[in-house]
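# Residue-level structural notes
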Amino acid sequence: MKLSVYNDIVKYLNSRDNGYSLDDIYTKFSEFSQKTLASIYSQEYQKKMKRIHSRHHVSEKMDEYYYRYCEESQHRTHQHVILHLARMTGLAPSLMARIILERHLMYTKYNGQAVPKSVVTQMLKDTSQIEDPLLALEIDMCSTADCVYGPIADTIKLSLGHEKEDFLKKKLDELGLPYQGEDQLRAKGYDKTPDTILQVPIAVDGCVVNWIESKALFGDPTNHAAYLKDQFWSYWNRFGAGLVIYWFGFVEDLDVHREKGIMLMDRFPEDIVTITTFT
């Protein structure tokens, strides 16, 4: 995807704020796959939540949201009170649910003291642990409605990541290319490892590839810069040149490090040169 096109999509998302659905985006930019657009949407949504996080997580605001929830749930002003609060404030449903649950536990179970994050996280994952059935139902509704945050969204992302990693390994197996997986490498003491290290290097588009990293998302400028800093250059330093596959596409302008040893693709390479090619 050209940078200019990516910027158009981001501009559209930012201009529409909360007044759009994913279906609107799919229709507006129908030339791209739904998975590509959903990934861009998710990334931009997360950036927005990071920008507004601090204003919603001051004690006074959190109390305000909790008291509003208590009042409106008592009078049933709205069918789904926490979802309504999330939409009114622009906060992700699962993030608003976390605030309400944390405040509820703080005032009903912890005598006004801070609630361990692990306790809140576990209850968000398993709402049967929440004694208040109405609150449990409200939180379930938030998890169902939230396509970016929350236990359901996290499970989908994790499953998708595993699916793409398995696909990568299946292709390597089909080609008879021996490799070591991330688990094997970490067992040897490596802390930062790509998904696969090829035991015998290959060549793709004239570039040597020693390792392949699978990313089940769209490669945008912000996240790619972070991955370069935190992961890719570390892989390059330890294992040499490699390949990153952004399965849902990437901004083409980011593929500028091939000569240095990091190349980007959006699919498993078709033209692979191996040692057996010359024997």
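Residues numbered from 1 in each chain as written. Predicted model: local features only at pLDDT ≥ 70, side-chain atom pairs only at ≥ 80, totals over all residues. Heavy atoms only, no water.

## Some details on the pattern of salt bridges
Tallied over the entire structure, the rule returns twelve salt bridges. Note that Glu252 and Lys2 form a salt bridge whose closest N and O atoms lie 3.3 Å from each other. Placement of Glu252 in the loop between strand 4 (242-246) and strand 5 (262-265) and of Lys2 in the segment before helix 1 (3-16) is noted, with a sequence separation of 250 residues between them. Note that Arg103 and Asp63 form a salt bridge whose closest N and O atoms lie 2.8 Å from each other. (Salt bridge = Lys/Arg side-chain N within 4 Å of Asp/Glu carboxyl O. Helix = DSSP H or I, 4+ residues; strand = E, 2+ residues; numbered from the N terminus.)

## Regarding the side chain of Ser42
Counting through the fold element by element, Ser42 comes out in helix 3 (residues 34-56). For Ser42, the contacting residues outside a window of four places in its chain are Val148 and Lys157. (Contact = heavy atoms within 4.5 Å.)

## Details of the state of the cysteines
The final tally for this structure, using the stated rule, is zero disulfides. Left unpaired, Cys147 is separated from the closest cysteine sulfur, that of Cys142, by 13 Å. Of the residues examined, Cys147 reaches a relative accessible area of 45% and is grouped as partly exposed. (Disulfide = S-S within 2.5 Å. Buried < 20%, exposed > 50% of the residue type's maximum accessible area, 1.4 Å probe, protein only.)

## Focus: the side chain of Lys164
Along the polypeptide, Lys164 turns up in helix 9 (residues 151-174). One buried charge, Lys164, has no salt-bridge partner; the nearest side chain with opposite charge is Glu163, at 4.6 Å. Leaving out residues up to four positions away in the same chain, Lys164 has contacts with Ser214, Ala216, Trp247 and Phe248. (Lys, Arg positive; Asp, Glu negative; His and termini not counted.)

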